[in-house]
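Below are the chains, spelled out letter by letter.
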Amino acid sequence: MKGLFLTIEGVDGAGKSSHMDLIAASIEAFGYEIVSTREPGGTPLAETLRNLLLSENMSLETELLLMFAARQEHLNQVIKPALVSGKAVICDRFTDSTFAYQGGGRQIEAKKIQSLVELVHPNLQPDLTLLFDLPLEIARERINAERQLDRFEQEQEEFFKRVRAAYLARAAAESERFIVIDSGQSKAQVAAFIAKTLTERLQAHLLVSPIK
Ligand code: TYD
């Protein structure tokens, strides 16, 4: 697949949505056509599953399986076709979210999650992953100030501590794939860091220069 697969991750309230346009612009500078999408979701069926996941009570295993069911649809209908045709896919959350939330947060064993990765996308990994990281107190303040909270956002502090720790452990284990962003800084500082670091990492990944 000749496209570029970039994923955006972080605990709820880490501020990833404020920087989506900047991320897209940094990738467009390399000549890519962008497909922006999200998980769970990104197709009509996967968006229906998203609504259920964010609102209905269900067992941990059901939640895990529905995340991967939505992902399978999304991969088949959106992500893989875009990558095959050489586009850059920017996906707001992907399988690292499952390791962080269902693995860290819900404490499902990583090897069970890995077995679903092998079923659903054995040969596909993001090329780059931006992880928005910040102290939990700030993330909680940000989401509590927002709209009505969904089923994940209503979880307790301990849950989010485990989610954050799982993310940081994955980033440490795969430092060549992850860019960890300190999103406790001001919005302008975060934007400057993303613009610089993402361009450098894309250059290294693609071994080319952005189009001036
Ligand atoms: P998110 O995409 O952050 O949407 P919004 O910003 O509109 O709230 O929220 C989706 C929620 O789904 C988020 O709390 C994390 C959760 N999630 C998982 O638990 N596992 C997964 O594999 C994915 C993709 C998301």
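Residues numbered from 1 in each chain as written. Predicted model: local features only at pLDDT ≥ 70, side-chain atom pairs only at ≥ 80, totals over all residues. Heavy atoms only, no water.

> Would you mind going over the overall build of the protein chain with me for this structure?
For the protein chain, the helix and strand inventory stands at 8 helices and 5 strands. Listed N to C, the secondary structure of the protein chain is β-α-β-α-α-β-α-α-β-α-α-β-α in terms of helices and strands. Taking 2.2 N^0.38 as the reference for a compact globule, 212 residues should give roughly 17 Å; the C-alpha atoms of the protein chain span a radius of gyration of 17 Å, in line with that estimate. Projected onto its principal axes, the C-alpha coordinates of the protein chain cover approximately 50 × 40 × 30 Å. For the protein chain, the proportion of its 212 residues judged to be buried stands at 49%. When the accessible area of the protein chain is evaluated, it comes to approximately 10,100 Å², of which 53% is carbon and sulfur surface. (Helix = DSSP H or I, 4+ residues; strand = E, 2+ residues; numbered from the N terminus. Rg over C-alpha atoms; globule rule 2.2 N^0.38 Å. Buried < 20%, exposed > 50% of the residue type's maximum accessible area, 1.4 Å probe, protein only. Areas by Shrake-Rupley, 256 points an atom, 1.4 Å probe, with all protein chains shown as cover.)

> How should I be thinking about the site of the ligand in this particular structure?
Every one of the 17 residues lining the ligand counts as a neighbour, but Asp12, Arg50, Arg93, Thr98 and Gln102 are closest to it. Lysine 16 places a polar side-chain atom, nitrogen or oxygen, 3.4 Å from an oxygen atom of the ligand. Here threonine 98 contributes a side-chain N or O atom positioned 2.6 Å from an oxygen atom of the ligand. Computed on the free molecule, the ligand has an accessible area of 560 Å², of which 89% lies beneath the protein chains in the complex. (Near = heavy atom within 4 Å. Polar contact = N/O pair within 3.5 Å; in protein donor to acceptor, adjacent residues only side chain to side chain.)

> Help me understand helix H7 (residues 157-173) in this model?
Counting along an α-helix, one turn takes 3.6 residues, and residues three or four places apart therefore face a common direction. Under the 1.5 Å per step criterion, the end-to-end length of H7 is 24 Å for 17 residues, consistent within 8% with the ideal 24 Å. Along H7, the positions that sit buried rather than exposed are Phe159, Phe160, Val163, Ala166, Tyr167, Arg170 and Ala171. Down the axis of H7, the sector holding all buried residues measures 135°, keeping them to one side. Turned more than 90 degrees off the buried face of H7, the exposed positions are Ala172 and Ala173. Contacts from the buried residues of H7 go to strand E1 (4-10), helix H4 (95-105), strand E4 (128-133), helix H6 (136-144) and strand E5 (178-182). (Expected span 1.5 Å × (residues − 1). Arc of directions from axis to C-beta. Contact = heavy atoms within 4.5 Å.)

> Sorry, what's going on with the nonpolar core here?
Most often, soluble globular proteins keep nonpolar side chains buried together rather than apart. Grouped together as the largest cluster of nonpolar side chains are 41 residues, with contacts concentrated most on Leu6, Ile23, Ile27, Tyr101, Leu130, Phe132 and Leu198. In terms of residues, this core owes the most to one element, H7, which gives 6 residues. Not counting residues within four places of it along the chain, the set of residues in contact with leucine 198 comprises Leu6, Ile23, Ser26, Ile27, Leu128, Leu130, Ile179 and Phe193. (Core = buried A, V, L, I, M, F, W, Y, C linked by side-chain atoms within 4.5 Å.)

> How should I be thinking about the packing of aromatic side chains in this particular structure?
Aromatic ring pairs are defined here through the distance separating the ring centres and the angle between the ring planes. Inspection of every chain in the model, using the stated rule, returns 5 aromatic pairs. With a centroid separation of 6.0 Å and 85° between ring planes, the pair formed by tyrosine 101 and phenylalanine 152 is classed as edge-to-face. Of this pair, tyrosine 101 sits in helix H4 while phenylalanine 152 sits in the loop between H6 and H7; the two residues are 51 residues apart in sequence, bridging distant segments of the chain. A relative accessible area of 7% means that phenylalanine 152 is categorised as buried. Summarising the aromatic geometry, the rings of phenylalanine 159 and phenylalanine 160 are spaced 5.3 Å apart at their centres and angled 80° between planes, so their arrangement reads as edge-to-face. For the residue pair phenylalanine 159 and phenylalanine 160, the accessibility class agrees, reading buried in each case. Of the aromatic side chains, those joined through ring pairs into one cluster are Tyr101, Phe152, Phe159, Phe160 and Tyr167. The side chain of arginine 71 reaches across the aromatic face of phenylalanine 68, ending 4.8 Å from its centre. Here the guanidinium or amino end of arginine 170 rests over the ring plane of phenylalanine 99, the centre of that ring lying 3.9 Å away. (Phe/Tyr/Trp six-rings, centres within 6.5 Å; stacked < 30°, edge-to-face > 60°. Lys NZ or Arg CZ within 6 Å of the ring centre and 35° of its normal.)

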